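In case you want the letters, here they are:
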Amino acid sequence: MNILAGLNPAQKEAVEAIKGPVLILAGPGSGKTRVITQRVAYLVKECGVSPRHIMAVTFTNKAAREMTERLNKLVSTAVKQLTMGTFHAICARILRQDGEALGIDPHFVIYDDDDQISLIKKCLQELNLDPKQNSPSAIQNKISFAKSQVIDPQEYLTRARSYFEEVVGRVYERYQQMIKENTALDFDDLLMQTVQLLKNHPKIRTQYQERYLHLLVDEFQDTNMVQYELIKLIGGKHRNICVVGDPDQSIYSWRSADLRNILGFEKDFPEAKVILLEQNYRSTKTILAIATNIIEGNKERKPKDLWTENEAGEKATIVETYNEQEEAQFVVSEVDKLVRARHFQLGDCAVMYRTNAQSRALEEAFIRYGLPYKLVAGTRFYERKEVKDIIAYLRYIQNPNDGVSLHRIINVPGRGIGQRTLSELNSLAKSLNTNESETLQMMAAGKIEKMPFNSRIAQSLASFTTMINELREKSKEVSLTELFDMVTENSGYKDFLTNDKEGEERWENILELRTVAKEYGELPPPTGLAAFLEGVTLVADVDSLDGSTDAVTLITLHQAKGLEYPAVFIVGMEEGVLPHLRSFDDPAQMEEERRLCYVGVTRAKQKVYLIRAFRRNLMGGNLVNEPSRFLKDIPKELIVTAGTIANEESIANAISSWNKTAVFEPTTEIPEFKAGDRVKHARFGEGMVVSYQTIKNDAEAVVAFNGIGVKKLLLSFAKLEKI
DNA sequence: CGAAAGGCTCTTTTT
DNA sequence: GAGCCTTTCG
């Protein structure tokens, strides 16, 4: 197969320009992913470059995986030898390999935001600073930003311009010590320390420079300073660096991503070839025109000429509904229409929103009407308490120095070890000049003469230590799944959840985590645990998005970057939501909101809906928001409107007329049930009817499904069978 | 020590 | 509305 076949001239140029630096500015839908993949294939197949010498950085693990799959089809040579992944994943690998030069223990654990906050709180406590005056999350932000600029605590302190920054500097200093004491690294450390490693150790730097002769960076507009620094360190010598990005899709400035990297690239690599990919293969002319009109509202940008040979397609539908419930209902009914009356499948549709909180109303509607959906991140799976608890057990088993995890689990489930005991333990550890974990060991071994604890607490601490030691021993022998089961069992966590009615759902989350652990079951004992822990910390929620099940996708606009769907619904097109309230007083942020909207619209291939609610519940309050300013930028001839509800007085009317015109026409007769009936549902399986009531010409049943929980279903929609 | 209740704050987006 | 913290009581 000819690798260059089917590429347009610009794409071809982008694939073939393998010598020297290249900047590819790729509009949405311009075949960017294809170009990157073909480029790697071209390097390997046509130019005889060993995959060993290629590093490809992607934005998510999912993108990396997909690229591997595509490459496997294009080239037969060991794709495994490619270095591919997110910056964080690649850096973690480098630091485990060579971090010892910086005094980094190769068995470090990775701390996420949550762990960072715990650690910062601990620092504040030690430094006698009030967490109310010095918000831990604000400090975390500052530290994170500093690290993204490769500023260490000493430098930060000399630069401090305000009292708060001085506080941050002091916390930062202690924080880094504690990170080290815990044999941990946080997300930002992964990047910063790698840069420091390569900067200060010429031998190691040369080694990496000589290995990676070709560098490829996707989503370059969303890289930050450390990341760019890293690219320059590794690729600065041979200069075969290819970066791909679209300034109009830069939406991560809050994560310190810096658009200036794109400008910087042209300055740092003046010989760079700049290639524009402007032909769009994804969307209809209408969608592209809408997107262009929206993005042209930004002042700080270079104009671009996007064009497409695709057909004009349908107009966009702009909808006003009364509130977010009705908004969700509209989405459901419209999806249903698309699926029934046209050639769309559920999986062709995606609903996008600005904030995660917006998913709730949508989810409720999808459940109510029994329409299958997949939620990319509600409360994110790996951030759930129970999931983090079990991970903390495993982390502590792997790394006895991980004090953050120890604190998390020592009294969960309750073992009578409270705040006082912990601070006693802490001072005891200090007086012994060791950490808490070691102190526990000494206590269990009876090596401590003056015990500050009463016998009941001493017993409790000792049995905790024994349990951990046992698990730690086992972790070297048994498979990860076995270890997992022992952890949930021996820790009492299983009983803790399963004895509690409310714990059932949480227990199921743990079982879900177990299936993730299973994937690492093949690996020999200690490696399986390590690989699992690393995988689990560096995942993104989109990573788990699978395309195989036919269901509507609910996703944030940020997560939607890089994806495409035939039909896209953007909800919450209101001032304060999109654009978000927080951007009102900052023009730069407002431009980012606009880009976010642009990203959303350009995900659509055929049909786009822009929906807003007249009223919306936000943070407890009920607000009336103006339509989003972005809607005003769309030419009238490109849109049709629907469902306009002018004012509150007309609501009652509107809602009743809505019900009449809605598509939820009973397809069959409404079945009758009574409480206690056993029923079956295509998606939720078997269950029992809890309650049943008729509503107008429909009926609503509340059903408790086995192993799933209680769901409210509208019977004209959800097919429920009596069994 | 832990459970329950009440009060407080902060609410964007995520590797 | 949720999560976090503090207070209070058993």
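Read on for a plain summary of the structure. (Residues numbered from 1 in each chain as written. Chains lettered and ligands numbered in written order. Predicted model: local features only at pLDDT ≥ 70, side-chain atom pairs only at ≥ 80, totals over all residues. Heavy atoms only, no water.)

All right, on to the nonpolar core then. Of all hydrophobic cores here, the largest spans 62 residues; its most connected members are Val-171, Leu-190, Phe-220, Ile-231 and Phe-265. For Phe-220, the contacting residues outside a window of four places in its chain are Tyr-228, Ile-231, Val-243, Val-244, Gly-245, Asn-261, Ile-262 and Phe-265. (Core = buried A, V, L, I, M, F, W, Y, C linked by side-chain atoms within 4.5 Å. Buried < 20%, exposed > 50% of the residue type's maximum accessible area, 1.4 Å probe, protein only. Contact = heavy atoms within 4.5 Å.)

This paragraph deals with the protein's contact with DNA strand C. As a structural note, the neighbourhood of DNA strand C is formed by Lys-121, Arg-360 and Lys-385. At a separation of 3.0 Å, a phosphate oxygen of DNA strand C approaches a polar side-chain atom of Lys-121. In this structure, a phosphate oxygen belonging to DNA strand C sits 3.4 Å away from a side-chain N or O atom of Arg-360. (Near = heavy atom within 4 Å. Polar contact = N/O pair within 3.5 Å; in protein donor to acceptor, adjacent residues only side chain to side chain.)

Moving on to helix H12 (residues 260–268). Along H12, the residues classified as buried are Asn-261, Ile-262, Gly-264 and Phe-265. Buried residues in H12, looked at end-on, bunch into an arc of 160°, giving them a common side. The outward face of H12, more than 90 degrees from its buried face, is lined by the exposed residues Arg-260 and Lys-267. On its buried side, H12 packs onto strand E1 (22–26), helix H11 (225–235) and strand E7 (241–245). (Helix = DSSP H or I, 4+ residues; strand = E, 2+ residues; numbered from the N terminus. Arc of directions from axis to C-beta.)

What follows is about empty space enclosed by the protein. A probe matching the size of a water molecule, rolled over the atoms, marks out where space remains unfilled. Applying the stated rule across the entire model yields three cavities of 30 Å³ or more. Approximately 50 Å³ is the volume attributed to the largest cavity. Lining the largest cavity are Met-55, Val-57, Phe-87, Ile-90, Ile-94, Leu-215, Leu-230, Ile-231 and Ile-234. Going through the elements one at a time, strand E2 (54–57), helix H4 (87–98) and H11 are the ones with two or more residues in the lining of the largest cavity. Looking at side-chain class alone, the lining of the largest cavity contains nine nonpolar, no polar and no charged residues. Roughly 40 Å³ of internal volume is contained in the second largest cavity. Contributing to the lining of the second largest cavity are Asp-248, Thr-292, Ile-295, Arg-301, Lys-304, Leu-306 and Tyr-598. Along the lines of polarity and charge, the residues of the lining of the second largest cavity split into three nonpolar, one polar and three charged. (1 Å grid on protein atoms, 1.4 Å probe; cavity = no way out; pocket = protein on both sides within 12 Å on 5 of 7 lines; lining within 4 Å. Points joined across faces, edges and corners; volume = space filled by probe spheres on them. Nonpolar A, V, L, I, M, F, W, Y, C, P; charged D, E, K, R; others polar.)

Now for the sheet that holds strand E6 (residues 214–217). The strands making up a sheet associate through hydrogen bonds between their backbones, and the pairing can be parallel or antiparallel. Pairing in this open sheet of six strands is parallel, and the strands run E3-E2-E6-E7-E1-E8 from one edge to the other. Two strands lie at the open edges of the sheet, namely strand E3 (83–85) and strand E8 (273–277), each paired on one side alone. Pairs of neighbouring strands in the sheet enclose a mean axial angle of 10°, with direction left out of account. When E1 meets E7, the two strands line up parallel, connected through four bridges. (Pairing = 2+ DSSP bridges. Axes fitted to C-alpha atoms, helices over the stretch in contact; angles between N-to-C directions.)

The strand order E13-E14-E12-E15-E16-E11-E19 describes an open sheet built from seven strands, whose pairing is parallel. The sheet terminates laterally at strand E13 (373–375) and strand E19 (639–642), the two strands that pair on one side only. Strand-to-strand twist of the sheet, defined as the mean angle between neighbouring strand axes without regard to direction, takes the value 20°. For strand E11 (residues 316–321) and E19, the ladder comprises four bridges, and the chain directions are parallel. For Thr-317, the partnering residue across the bridge sits in E19 and is Val-640.

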